[in-house]
Amino acid sequence: VPINCFFPATYIVQLLNHDHRLYTPVPGPSLQEELDKHGTPWFWNKCTGLSDTAWLEDAITNSTLVGATGGSYMQCLDAHATSTAYVLMYMSSRRRIDVWYAETSVDSNAYRGELLGLLALHLLLEQAHQVYGQPSQPTSVYSDWKSAIHKISHLNADR
């Protein structure tokens with residue numbers, strides 16, 4: 001709060017004037033803006049729930065976020081397509097962000113789909129922590145592929 005004081009020789013402080021206006025901080029970038037900086041729009045183009053993410057700050061602060069991911073591969077339908085989906089949910093309010101997408105590759109398989117979902121969820125959480133701060137407790141993430149969880153949990157932080 002802006003304030004002007006005068007200190008006369010008697011060392012008694014005299015308040016000359018003051019202002020009741022409070023400082024209003026300039027808002028930082030939104031979660032969507034942070035995600036767009038990485039040049040991976042295909043990770044987020046089928047995402048629902050990114051338009052209003054103010055609830056994420058409470059969820060991160062209260063450590064009540066839960067994530068789940070799944071990968072799919074059906075060779076009989078398309079030998080070169082892998083799909084993945086993931087959900088990030090605030091357990092207190094049931095607000096959520098969910099995404100699904102398909103990727104084509106000659107190396108398609110269900111493990112690749114699982115890894116893609118876990119990687120996208122990892123990137124989303126990293127950017128959410130940049131925007132809203134670090135959680136007091138880690139976010140619980142569930143996957144039905146133990147080796148995929150192991151691989152993602154041991155990512156090099158410098159990459």
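The structure under discussion appears in the preceding block.
Not measured: the values here are computed from a predicted model.

**Looking at the sheet that holds strand β5 (residues 96-104)**
- The strand order across the open sheet formed by 4 strands is β5-β4-β3-β6, and the pairing between neighbours is mixed. Each edge of the open sheet carries a strand with a single partner, namely β5 and β6 (140-142). Across the sheet, the axes of successive neighbouring strands diverge by a mean angle of 15°, strand direction being ignored.
- Note that strand β3 (residues 65-72) and strand β4 (residues 81-90) share 8 bridges and pair antiparallel. Paired with Leu-65 across the strands is Tyr-90, a residue of β4.
- Contacting β3, β4 and β5, helix α2 (residues 55-62) runs over the sheet at an angle of about 80° to β4.

**Some details on the pairing of β5**
- Examined bridge by bridge, β4 and β5 share 9 bridges and lie antiparallel to one another. When the sheet's bridge partners are listed, Thr-82 is paired in β5 with Glu-103.
- Count of turn residues in the β4/β5 antiparallel hairpin: 5 residues, of which Arg-94 carries a positive phi of about 70°.

**Here's the deal with unusual backbone geometry**
- In this structure, Ser-63 takes a positive phi of about 55° despite not being glycine.
- Judged by its relative accessible area of 23%, Ser-63 falls in the partly exposed class.
- Even without a glycine there, the phi angle at Arg-94 is positive, about 70°.
- Structurally, the position occupied by Arg-94 is in the loop between β4 and β5.

**Considerations on the packing of α2 against helix α3 (residues 110-132)**
- Across the interface, α2 lies against α3 with an axial gap of 10 Å and an inter-helix angle of 95°. Considering their axes alone, α2 and α3 lie roughly perpendicular with respect to each other. In this structure, α2 contributes Leu-56, Glu-57 and Ile-60 to the contact, and α3 contributes Ala-128, His-129 and Tyr-132.
- Considering only residue class, the contact of α2 with α3 consists of 4 nonpolar, 1 polar and 1 charged.

**Overview of the packing of aromatic side chains**
- Considering all chains together, one arrives at 1 aromatic pair under this definition.
- Aromatic pair Trp-55 and Tyr-90: ring centres 6.2 Å apart, planes at 10°, arrangement stacked. Taken together, the positions of Trp-55 in helix α2 and Tyr-90 in strand β4 put the pair 35 residues apart, joining distant regions of the chain. Just as Trp-55 is buried, Tyr-90 falls in that class too.

**What about the environment of Leu-119?**
- Looking at where Leu-119 falls in the secondary structure, it is placed in helix α3.
- The exposure class assigned to Leu-119 is partly exposed, which follows from its relative accessible area of 31%.
- Separated by 50 residues in sequence, Leu-119 and Thr-69 place their C-alpha atoms 9.7 Å apart.

Conventions and cut-offs
Every chain is numbered independently, its residues counted from 1 as its sequence is written. Predicted model: local features are reported for residues with pLDDT of at least 70 only, side-chain atom pairs are reported and counted for 80 or more only, and whole-chain, interface and lining totals are derived from all residues. Side-chain calculation: all heavy atoms of the structure are included, whereas hydrogens and water are not. Between any two strands, pairing holds if DSSP finds at least two bridges. Strands are runs of DSSP state E lasting at least two residues, helices are runs of H or I lasting at least four, and both sets are numbered from the N terminus onward. Axes, fitted as lines to C-alpha atoms, cover a helix only where it is in contact. Angles between the N-to-C directions of the axes lie from 0 to 180 degrees. Contacts are residue-level and defined by heavy atoms, with any inter-residue pair within 4.5 Å sufficient. Summary of the burial criterion: residues with accessible area below 20% of their type's maximum are buried, those above 50% are exposed, and those between are partly exposed, where the area comes from a 1.4 Å probe applied to protein chains only. For classification purposes, angles smaller than 35 degrees are called roughly parallel, those larger than 145 roughly antiparallel, those between 65 and 115 roughly perpendicular, and all remaining angles oblique. Following the grouping adopted for this structure description, the nonpolar residues are Ala, Val, Leu, Ile, Met, Phe, Trp, Tyr, Cys and Pro, the charged ones are Asp, Glu, Lys and Arg, and the polar ones are all others, Gly among them. Note on aromatic pairs: the rings of Phe, Tyr and Trp (six-membered ring only in Trp) are paired at centre separations within 6.5 Å, and the planes decide the class, stacked below 30 degrees, edge-to-face beyond 60, tilted for the rest.

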